[in-house]
Amino acid sequence: MLNTDLREIGLDPQYSYLIIIDGNDPECHTTSRADTSAFNYTYNGVIYAMRYMYVYPGDDEADPEFSQASSVNLLTSSVENIINNCLNTAISAVISAISAPLGTVSSICGLSIDAFGASSASTLDLYGGTNWSRVYTQVYDIYEQSWMYGSSVEYVIATSKIEGQYYSRTLNKYVSVPDDEESTTTYSSNYNNFTWRKNTAVQRYLAGLPCMKDTTGHVYYKYGGSTKITHYEFF
């Protein structure tokens with residue numbers, strides 16, 4: 001139905017994906033074909049039919065490379081000063097050498113040392129969730145009568161939260177850490193460069209080369225200066 005080979009971009013049929021076809025372009029709004037959503041783009045005097053194909057992780061059966069989640073324990077002791085140091089330590093997501101502060105443990109979970117019982121055996125776990133979404137620029141091949149992949153850009157969303165339990169002095173029982181989260185979105189370098197998207201797509205198509213991917217790279221969740229969670233982008 002999409003008139004394109006999803007295997008060329010590594011989509012695995014055992015997983016689910018959300019795919020959206022978009023024939024609108026901010027720099028060109030004409031439709032080149034009556035039977036599909038597309039736009040015209042002129043490169044070196046030749047008109048090409050093009051479209052964008054968005055690929056998102058689908059649902060609970062999403063590709064584990066597109067959508068990754070991990071957790072790690074942050075507390076090595078229930079001693080009060082250890083808990084206090086943990087609460088004051090900063091969490092950040094590092095993507096392509098760009099550090100995006102997500103806040104301290106205390107600001108993410110909304111707790112201070114005053115909430116903890118003096119000798120409580122508390123747990124604080126850092127969770128990191130990462131999902132990538134890609135946009136492919138396709139060129140229509142009139143001879144093959146199919147859409148060919150030329151270039152892709154993407155963005156990644158890194159989400160962090162703290163889960164656990166602690167002894168509440170005021171309630172005299174163990175309660176759950178408030179379920180708050182922080183996230184940051186990072187775009188690949190050419191995400192908003194539509195000229196790069198289209199020029200690169202045509203160039204790769206004419207040369208018979210594979211799709212040129214503009215990626216964000218791996219995502220590292222850091223606790224203070226130490227990397228606790230790493231999600232690799234190998235797709």
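Structure report, in brief. As the structure is a prediction and not an experimental result, all values here were calculated from the model. (Residues numbered from 1 in each chain as written. Predicted model: local features only at pLDDT ≥ 70, side-chain atom pairs only at ≥ 80, totals over all residues. Heavy atoms only, no water.)

### Notes on the sheet that holds strand E6 (residues 98–104)
Our working rule: Pairing between two strands requires that DSSP report at least two bridges joining them. Strands are runs of DSSP state E lasting at least 2 residues, helices are runs of H or I lasting at least 4, and numbering of each runs from the N terminus. Helix axes are fitted only over the stretch in contact, all axes being lines through C-alpha atoms; the angle between N-to-C directions runs from 0 to 180 degrees.
Taken in spatial order, the four strands make up an open sheet running E6-E5-E12-E13, and their pairing is antiparallel. The open sheet terminates on both sides in strands that have one partner only, identified here as E6 and strand E13 (226–231). Along the sheet, successive strands turn relative to each other by an average axial angle of 25°, direction set aside. In terms of strand pairing, strand E12 (residues 219–223) meets E13 through five bridges, oriented antiparallel. Bridge pairing links Tyr221 to Ile229 in E13.

### Brief notes about the environment of Trp147
Where we set the bar: Buried means the residue's accessible area, taken with a 1.4 Å probe over protein chains only, is under 20% of the maximum for its type, while exposed means over 50%, and partly exposed covers the values in between.
Residue placement: Trp147 occurs in strand E8 (residues 146–168). Overall, Trp147 belongs to the buried group, its relative accessible area being 3%. A sequence separation of 10 residues divides Trp147 from Thr137, and the C-alpha atoms of the two residues are 9.5 Å apart.

### Describing the pairing of E12
Of the two faces of E12, only one is covered, namely that formed by Val219, Tyr221 and Tyr223; the face formed by Tyr220 and Lys222 stays uncovered. Summarising the sheet, strand E5 (residues 90–95) and E12 pair through five bridges and their orientation is antiparallel. Considered in E12, the bridge of Val94 is made with Tyr220. Connecting E12 to the antiparallel partner E13 that follows it, the hairpin turn spans two residues, and Gly224 within it adopts a positive phi of roughly 65°.

### Here we look at the pattern of salt bridges
Applicable threshold: Here, a salt bridge means any Lys or Arg side-chain nitrogen found within 4 Å of an Asp or Glu carboxyl oxygen.
In the structure shown here, the tally under the stated rule is five salt bridges. For Arg7, the salt bridge identified is with Asp5, shortest N-O distance 3.1 Å. Overall, the relative accessible area of 67% leaves Arg7 in the exposed class. One salt bridge in this structure joins Arg134 and Glu154, with 2.7 Å as the shortest N-O distance. Remark: Glu154 occurs in strand E8 and Arg134 occurs in strand E7 (residues 123–141); sequence separation between them is 20 residues. We classify Arg134 as buried; its relative accessible area is 2%. A residue is classified by how much of its surface remains accessible, and Glu154, at 0% relative accessible area, is buried. Via salt bridges that share partners, Arg134, Glu154 and Glu233 belong to a single interconnected network.

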